[in-house]
Protein chains: 2
Amino acid sequence: MDTKKIGQQTVRFAAPPSIAGYGNAVGKKEGQGPLASYFDYTGQDDSFSEKSWEKAETAMQKMALNYALEKAGLQPGQLDYIFAGDLLNQCIATSYSLRARNVPFFGLYGACSTMAESMSLGAMLLDGGFGTHIAAMTSSHFCSAERQYRNPLEYGGQKPPTAQWTTTGSGAVILSREGKGPYLTHVTTGKVIDKGITDANNMGAAMAPAAFSTLRAHFRDTGRSPSFYDLIVTGDLGSLGKEIVLDFFAQDGIKLKNYDDCGVLLFDPQRQDVHAGASGCGCSAVVLTGYLLRQMALGKLKNLLFCGTGALHSPTATMQGESIPGICHAVAITTQSQEGS
Amino acid sequence: MDTKKIGQQTVRFAAPPSIAGYGNAVGKKEGQGPLASYFDYTGQDDSFSEKSWEKAETAMQKMALNYALEKAGLQPGQLDYIFAGDLLNQCIATSYSLRARNVPFFGLYGACSTMAESMSLGAMLLDGGFGTHIAAMTSSHFCSAERQYRNPLEYGGQKPPTAQWTTTGSGAVILSREGKGPYLTHVTTGKVIDKGITDANNMGAAMAPAAFSTLRAHFRDTGRSPSFYDLIVTGDLGSLGKEIVLDFFAQDGIKLKNYDDCGVLLFDPQRQDVHAGASGCGCSAVVLTGYLLRQMALGKLKNLLFCGTGALHSPTATMQGESIPGICHAVAITTQSQEGS
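Overview of the structure.

**Observations concerning helix H9 (residues 281-297) of chain A**
All names here are of chain A.
- Under the 1.5 Å per step criterion, the end-to-end length of H9 is 23 Å for 17 residues, consistent within 8% with the ideal 24 Å.
- When the local axis directions of H9 are compared, the greatest deviation, roughly 40°, occurs at Leu-288.
- Note on H9: the residue one or two positions beyond its end, Gly-299, has a positive phi of about 80°.

**Focus: the side chain of Gln-90 of chain A**
- Mapped onto the elements of the fold, Gln-90 of chain A is located in the loop between strand S4 (81-86) and helix H2 (92-98).
- On the basis of relative accessible area, Gln-90 of chain A is assigned to the buried category, the value being 5%.
- For Gln-90 of chain A, the side chain forms a polar contact with the side chain of Tyr-149 of chain B, separated by 3.2 Å.
- Residues in contact with Gln-90 of chain A, not counting those within four places in the same chain, are Ser-95 of chain A together with Leu-87, Asn-89, Tyr-109, Gln-148, Tyr-149, His-313, Ser-314 and Pro-315 of chain B.

**A short note on the interface of chain B and chain A**
- Every contact between the two is made by 66 residues of chain B and, on the other side, 66 residues of chain A.
- Buried surface at the junction of chain B and chain A, summed over both partners, amounts to about 5500 Å²; 58% is from carbon and sulfur atoms.
- Across the contact surface, chain B and chain A share 32 residue pairs in polar contact (both at pLDDT 80 or more).
- Among the elements of the structure, helix H1 (53-72), strand S4 (81-86), helix H2 (92-98), strand S5 (105-107), helix H3 (114-127), helix H4 (142-149), helix H10 (315-319) and strand S14 (326-334) of chain B are those that each provide at least two residues to the side of chain B that touches chain A.

**Details of the relation of the copies chain B and chain A**
- When chain B is brought onto chain A, the operation consists of a screw motion whose angular component is 180° and whose axial shift is 0.0 Å, with 0.0 Å RMSD remaining. Read as a symmetry element, the transformation amounts to a two-fold axis.
- Comparing interface residues between copies, 100% of those in chain B also sit at the interface in chain A, which points to an isologous, same-surface contact.

**Comments concerning the side chain of Thr-188 of chain B**
All names here are of chain B.
- You can see Thr-188 is positioned in strand S9 (residues 183-188).
- Residue Thr-188 is classed as buried on the basis of its relative accessible area, which comes to 0%.
- Side chain to side chain, Thr-188 and Thr-10 meet in a polar contact 2.8 Å long.
- A polar contact of 2.8 Å, which involves the side chain of Thr-188, links it to the side chain of His-218.
- What Thr-188 contacts, discounting residues up to four positions off in sequence, is Gln-9, Thr-10, Thr-214, Ala-217, His-218, Cys-328, His-329 and Ala-330.

**Structural notes on the pattern of salt bridges**
- What the rule picks out here adds up to 27 salt bridges over all chains.
- Across the pair Arg-220 of chain A and Asp-221 of chain A runs a salt bridge, and its minimum N-O distance is 3.2 Å.
- Between Arg-271 of chain B and Asp-268 of chain B there is a salt bridge; the shortest N-O distance is 3.2 Å.
- Taken together, the shared-partner salt bridges in this structure form one network comprising Lys-55 and Arg-99 of chain A together with Asp-194 and Glu-322 of chain B.

**Let's talk about the packing of helix H3 (residues 114-127) of chain A against H3 of chain B**
- Put simply, H3 of chain A and H3 of chain B touch, their axes get as near as 9 Å, and they point 50° apart. Judged on the interaxial angle alone, H3 of chain B and H3 of chain A are oblique. Along this stretch, H3 of chain A crosses H3 of chain B, giving a crossing that reads as left-handed. On H3 of chain B, the residues that touch Leu-121, Met-124 and Leu-125 of chain A of H3 of chain A are Leu-121, Met-124 and Leu-125 of chain B.

**Side note on unusual backbone geometry**
- Residue Gly-181 of chain A is joined to Pro-182 of chain A through a cis peptide bond whose omega torsion reads 0°.
- Tracing the sequence through the fold places Pro-182 of chain A in the loop between strand S8 (169-176) and strand S9 (183-188).
- Notably, Asn-102 of chain B is not glycine yet its phi reads approximately 65°, a positive angle.
- Tracing the sequence through the fold places Asn-102 of chain B in the loop between H2 and S5.
- Since its relative accessible area comes to 47%, Asn-102 of chain B is described here as partly exposed.

**A few points about the environment of Lys-300 of chain A**
Residues and elements named next belong to chain A.
- Note on placement: Lys-300 falls in the loop between H9 and strand S13 (303-311).
- Taking the relative accessible area as the measure of exposure, Lys-300 reaches 59% and is therefore exposed.
- Sequence spacing of Lys-300 and Asp-230 is 70 residues, and the spatial spacing of their C-alpha atoms is 9.0 Å.

**As for the packing of aromatic side chains**
Residues and elements named next belong to chain A.
- Under the criterion given, the structure shown has 20 aromatic pairs over all chains.
- For the pair Phe-212 and Phe-249, a centre-to-centre distance of 4.9 Å together with 85° between the ring planes defines the contact as edge-to-face. Taken as a pair, Phe-212 in helix H5 (residues 203-222) and Phe-249 in helix H6 (residues 238-251) lie far apart in primary sequence, 37 residues in all. Across the pair, exposure class does not vary: Phe-212 and Phe-249 are buried alike.

What counts and how
- Residues numbered from 1 in each chain as written.
- Chains lettered and ligands numbered in written order.
- Predicted model: local features only at pLDDT ≥ 70, side-chain atom pairs only at ≥ 80, totals over all residues.
- Heavy atoms only, no water.
- Helix = DSSP H or I, 4+ residues; strand = E, 2+ residues; numbered from the N terminus.
- Expected span 1.5 Å × (residues − 1).
- Bend = angle between axes of the 7 residues up to and from the residue.
- Buried < 20%, exposed > 50% of the residue type's maximum accessible area, 1.4 Å probe, protein only.
- Polar contact = N/O pair within 3.5 Å; in protein donor to acceptor, adjacent residues only side chain to side chain.
- Contact = heavy atoms within 4.5 Å.
- Buried area = accessible area lost by both parts, 1.4 Å probe.
- Least-squares fit on C-alpha atoms with pLDDT ≥ 70 in both.
- Salt bridge = Lys/Arg side-chain N within 4 Å of Asp/Glu carboxyl O.
- Axes fitted to C-alpha atoms, helices over the stretch in contact; angles between N-to-C directions.
- Parallel < 35°, antiparallel > 145°, perpendicular 65-115°, else oblique.
- Left-handed = near helix turned anticlockwise from the far one by under 90°.
- Phe/Tyr/Trp six-rings, centres within 6.5 Å; stacked < 30°, edge-to-face > 60°.

Structural data, given as structure tokens:
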């Protein structure tokens, strides 16, 4: 039977959905990094005028979606669906940001792969004929994540060099069934990959095998070589995880060029003391909706492979001696015209 | 532009996906209730031979999916995707049950609406042409949920009469692009609804407004009256939430007949001391894959409206004084032939 699947993990869209708008909001530290000028809103103290870090994260999501809707020229009521999730237990940044939106909602948990997961599913629903406009969104907040996954800030915990800095930020994308691009042409969906990493302070190593697995599946399924893309970007592997991905490809005899990681791009390691780089659902979300899609709009990037990477890490499971599974979802984005494709 | 949307929240499938298999595993208490004879596997002590409650929940998921695959006559490698999630922080019952499956995976968080959410998305992807077989799955475990959401069992906490008993169980459904039914014909996707309930021991009241909202949207969008269905069933509102839904409809002048709730069906309140009934992702999952789909196979049920209901409850948000939002997704299932529809 004919389907849009090509290979085991990839689909090619019959009518590639278009990105109609994108927006973001970030925290103070993100606004002091090398991508500072690309963000829609930079908070002054990471509280976003709210009384808890969790509520601050909700506030960022609301802002990111508002910016994305505004750029798309849409009202919330014109959205057929919202796909969203976040890192907090029960994804509360998302639930509370959407309770006044009055839009059909599918909740996701993909850890830091959520931006790519939400875009994957949104694009599949549009290509499948289930609507005309769908939003994809996620967020993370350094302070809410520290409290939940590690220690409250007041504890003053020290981090080892392999640790990453959870991004304070939210990004949202509006996908449209018709439009002038950039277009989502392919989605490669990841599997749960667990290579036995048990160090909760080394998420890059936990996620890198999943990134490699999905990237290899993408190239195998599409027949494309890595050089097809102007940029291949993973979500938040950080400097250590990025090196591991390069090593994996080198073992396959492939020198991966045009490859970078959002966790490496977001902060300046010389100035900003973030150890192995940025992490969190918000990392790839704000680098995509801030830097990368603007580069595409300027014509500086034509073909982008955007790979969200998630560590399915749980403090409970880690305390029970479990290793940390990872997952990675890849979305191929192009500025090339898809009219009549 | 033509889409498969009918109204704001509902889609009608062009080629209704078929249920090819379903399976489940439940705990000891569930195996002593009125539906005992319908389950594939009943554990003897809720540990499922594992060393933690979380690992026991993972074990149940593996069993449920194996039973469903077996009944569908499929190997895991024939699945295009798995949609799954659970109640545990970071959905670890799911991550760990799937790490050896080698199947593309989309993680969900819909609280106790997850069975309906996963079936909704699986059916949309099949109808959209993205594969031929997709699994939808979820689970919950009384002991892992008590520890995470309330108190460890050892604490011996007392529950008020409005509280529900989290189901120990997992259910899985295999959806197929072609088949002999039962067929999924419509999906109505819920919005986040929050009517201000702050009592974490009264989930039925928190979810009932979401159930009412989605049911009303379904009848509005499809033009069907409630009497079209042999049975309308909500996920896990329990006896109190069920009464609230009936009251809401009564306010609209509608006497809802043929309506029941999985949280009412699963246990015998006279014998089993479960207060307001069953809850948890596993509740609607095992009632569907145990009792309801078997009734359909026997010809005793022809048209079923299956409504997963989720309380997006977070202990952190409740401690910050927040109310508890709810969500409900509805899936219309029929045994009527859909050939050539």
